[in-house]
Amino acid sequence: MFVVGIVASVAGIVLFHTALSRTIRANELTPIPFGKRPQTSPRGSATMRGIGAGLIVLGAVLVAGEGWQWVMMIVIGGPAAAFAVLALHNRRVARAGRSNEAS
């Protein structure tokens, strides 16, 4: 079950981040708020995020028998990377906005 859990977790994280990248491309010039809907949401991205989150949780449950550290790496690692990507995107948009105002 451990291998199946790792595969499910990796598939969920990849799916979640694919949906996030589609959302970032659709909102290239606007910031994306944390915990709220983005201004433009690509078709199917919410479904992809939902399925990805479900696979992440399934994978965490399946690897829980091997130790809590695996669960923490899966549950914290994937979403932490997503928050970092959103923060970088929002900072890039803010800097671009300031540089456009100065021109």
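Conventions adopted
- Residues numbered from 1 in each chain as written.
- Predicted model: local features only at pLDDT ≥ 70, side-chain atom pairs only at ≥ 80, totals over all residues.
- Heavy atoms only, no water.
- 1 Å grid on protein atoms, 1.4 Å probe; cavity = no way out; pocket = protein on both sides within 12 Å on 5 of 7 lines; lining within 4 Å.
- Points joined across faces, edges and corners; volume = space filled by probe spheres on them.
- Helix = DSSP H or I, 4+ residues; strand = E, 2+ residues; numbered from the N terminus.
- Core = buried A, V, L, I, M, F, W, Y, C linked by side-chain atoms within 4.5 Å.
- Buried < 20%, exposed > 50% of the residue type's maximum accessible area, 1.4 Å probe, protein only.
- Contact = heavy atoms within 4.5 Å.
- Phe/Tyr/Trp six-rings, centres within 6.5 Å; stacked < 30°, edge-to-face > 60°.
- Axes fitted to C-alpha atoms, helices over the stretch in contact; angles between N-to-C directions.
- Parallel < 35°, antiparallel > 145°, perpendicular 65-115°, else oblique.
- Left-handed = near helix turned anticlockwise from the far one by under 90°.
- Nonpolar A, V, L, I, M, F, W, Y, C, P; charged D, E, K, R; others polar.
- Expected span 1.5 Å × (residues − 1).
- Polar contact = N/O pair within 3.5 Å; in protein donor to acceptor, adjacent residues only side chain to side chain.

Visitor: Would you mind showing me how to read the layout of surface pockets here?
Guide: One simple way to see leftover space: roll a probe sized like a water molecule over the atoms. Size it by volume and the largest pocket reaches roughly 310 Å³. Looking at the lining of the largest pocket, the elements with two or more residues in it are helix H1 (2-26), helix H2 (45-63) and helix H3 (68-102).

Visitor: In this structure, what is going on with the nonpolar core? I would like to understand it.
Guide: Proteins that are soluble and globular tend to have nonpolar side chains buried together. Within the largest apolar cluster, 5 residues are counted, these being Leu20, Ile24, Ile32, Ala82 and Leu86. In this structure Ile24 touches Ile32, Val85 and His89, once residues within four positions along its chain are discounted.

Visitor: Sorry if this is basic, but what is going on with the packing of aromatic side chains here?
Guide: Each pair of aromatic rings is reported with the distance of its centres and the angle of its planes. One pass over the full model with this rule turns up 2 aromatic pairs. A centroid spacing of 5.8 Å and a plane angle of 35 degrees characterise the contact between Phe34 and Phe83, whose relative ring orientation is tilted. On the criterion of sequence distance, the pair formed by Phe34 in the loop between H1 and H2 and Phe83 in helix H3 is long-range, its members being 49 residues apart. Exposure remark for Phe34: the relative accessible area of 43% places this residue in the partly exposed category. Assessed through its relative accessible area of 48%, Phe83 is described here as partly exposed.

Visitor: Help me understand the packing of H1 against H2, please; the structure alone is not making it clear to me.
Guide: To describe two helices that pack against each other, one gives the angle between their axes and the distance between the axes. One way to put it is that H1 packs onto H2 with a least axis distance of 7 Å and a crossing angle of 155 degrees. Taken as axis vectors, H1 and H2 run roughly antiparallel relative to one another. You can see that H1 and H2 cross each other, and the crossing is left-handed. Of the residues contributing to the contact of H1 with H2, the split by class is 18 nonpolar, 8 polar and 2 charged.

Visitor: Before we go on, may I ask you to explain H1 in this structure?
Guide: With 25 residues, H1 should cover 36 Å at 1.5 Å per step; its first-to-last C-alpha distance of 36 Å lies within 8% of that length. Among the residues making up H1, those that are buried are Gly5, Ala8, Ser9, Gly12, Ala19, Leu20, Thr23 and Ile24.

Visitor: I keep staring at the side chain of Ser45 and nothing clicks. Help me out?
Guide: If you trace the backbone, Ser45 turns up in helix H2. A relative accessible area of 0% places Ser45 in the buried class. Side-chain polar atoms of Ser45 contact the side chain of Ser41, separated by 3.3 Å. When residues no more than four places from it in sequence are discounted, the contact partners of Ser45 are Ala19 and Thr23.

Visitor: What is the right way to read the environment of Val71 from this model?
Guide: Tracing the backbone shows Val71 in helix H3. Linking Val71 and Thr23, residues 48 residues apart in sequence, is a C-alpha distance of 27 Å. The residues touching Val71, leaving out its near neighbours within four places in the chain, are Ala60, Val63 and Ala64.

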